[in-house]
Amino acid sequence: MIYRTRGIVFRTIKFRETSVISKIYTEKFGLQSYIVNGIRSSKSKTKAAQLQVMSMLDMEVYHHEHRNLHRIKEMQPFYVFSSLLFDPLKGSVGLFMIEMLNKCIREEEANASMFAFITEKLVSLDRLKNIPADFLLRFLLELSSFLGLYPHGEYSADNSYFDLMEGNFIADATIHPHVIHPPLSENLSLLIKNDSANIATSIRRNLLEALLQYYQLHVPNFTMPKSLQVLNEVFRS
């Protein structure tokens, strides 16, 4: 059957000489794979650039419930980026976000809240004049809430360590090695409480690594994003 749905491109790979297969997170069906034949041909009316990573599409698709690979009948952008695809820093941040989403989302079912979250984050990144220092940290925290992993509790003198296994602040750091020590745990608590203005740059980088370790412990088959190294190089320059 033919359905209309919006979608966000997570990944596109070449298939044979002129075709591609795209993994697209759709509003109506969750994460799906689509084959588009002939799109890389010079005679194609549809350009392959429409399926580049992060593209936000309004689509008509052929969807069959028990198939792993579907087809797109028609597509056009539902949002056109003004800066995200042309700004190296924004592009690197966006690619990191998409890679994280691709590693964490498995569901082939609708999730309107998740789709709205991803859309809002990409559009806001595109429209920002300057990227806030805690943008990616907040993205990782907010994403964790959709995955049921949001950290709980808060730092205190009695509970000054963050347990990456249990997702809360604890008093004893000797239970296992997956524990964040102060002052990093205290700064994580500030971030959770939306009070991160005075977190130093070096601490932010350590927090990013700690949150990625947190994901690695809780998301099945999670591996560190390859785009993190590129992101570090861009921030360094």
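What counts and what doesn't
- Residues numbered from 1 in each chain as written.
- Predicted model: local features only at pLDDT ≥ 70, side-chain atom pairs only at ≥ 80, totals over all residues.
- Heavy atoms only, no water.
- Helix = DSSP H or I, 4+ residues; strand = E, 2+ residues; numbered from the N terminus.
- Buried < 20%, exposed > 50% of the residue type's maximum accessible area, 1.4 Å probe, protein only.
- Contact = heavy atoms within 4.5 Å.
- Core = buried A, V, L, I, M, F, W, Y, C linked by side-chain atoms within 4.5 Å.
- Pairing = 2+ DSSP bridges.
- Salt bridge = Lys/Arg side-chain N within 4 Å of Asp/Glu carboxyl O.

Outline the environment of Glu27, listing residues and values.
Mapped onto the fold, Glu27 is located in the loop between strand E2 (19-26) and strand E3 (30-36). For Glu27, a relative accessible area of 29% corresponds to the partly exposed category. Taking the C-alpha atoms as reference, Glu27 lies 9.3 Å from Ser113; in sequence the two are 86 residues apart. Sequence-distant contacts of Glu27, that is, excluding residues within four places in its chain, are made with Thr5, Arg6, Ala110, Asn111 and Phe115.

Requested: an account of the nonpolar core, with residues and values cited.
Of all hydrophobic cores here, the largest spans 53 residues; its most connected members are Phe10, Phe96, Met100, Ile118, Leu122 and Leu140. Only strand E1 (2-15), helix H1 (88-104), helix H2 (112-127), helix H3 (135-146), helix H4 (184-192), helix H5 (201-218) and helix H6 (227-236) provide two or more residues apiece to this core. When residues of this core are assigned to their parent elements, the largest contribution, 8 residues, is made by H5. The contacts of Phe10, once residues within four sequence positions are left out, are Lys23, Ile24, Tyr25, Leu31, Val53, Ile98, Leu101, Asn102, Ile105 and Ile118. Counting residues in each nonpolar core, the second largest holds 13 residues, with Val9, Tyr34, Val36 and Met59 among its members.

If you had to explain the sheet that holds strand E6 (residues 161-163) to someone new, which residues and values would you point to?
Taken together, 3 strands build an open sheet; the order of strands is E7-E6-E8 and the sheet is antiparallel. Here the strands that pair on one side only, and so sit at the sheet edges, are strand E7 (168-170) and strand E8 (179-180). Sheet topology note: the E6/E8 ladder contains 2 bridges and is antiparallel. Looking across to E8, one finds that Asp163 is bridged to Val179.

Quick one: what's the story with the pattern of salt bridges, residue by residue and with numbers?
Tallied over the full model, the rule gives 8 salt bridges. A salt bridge links Lys73 to Glu74, with the nearest nitrogen and oxygen atoms 3.7 Å apart. We classify Lys73 as partly exposed; its relative accessible area is 37%. Glu154 is the partner of Lys193 in a salt bridge, and the nearest nitrogen-oxygen pair spans 3.8 Å. With Lys193 in the loop between H4 and H5 and Glu154 in the loop between H3 and E6, this residue pair connects regions lying 39 residues apart in the sequence. The partly exposed category is assigned to Lys193, whose relative accessible area is 46%. Here the residues in one salt-bridge network are Arg4, Asp58, Glu60, Lys73 and Glu74, joined through shared partners.

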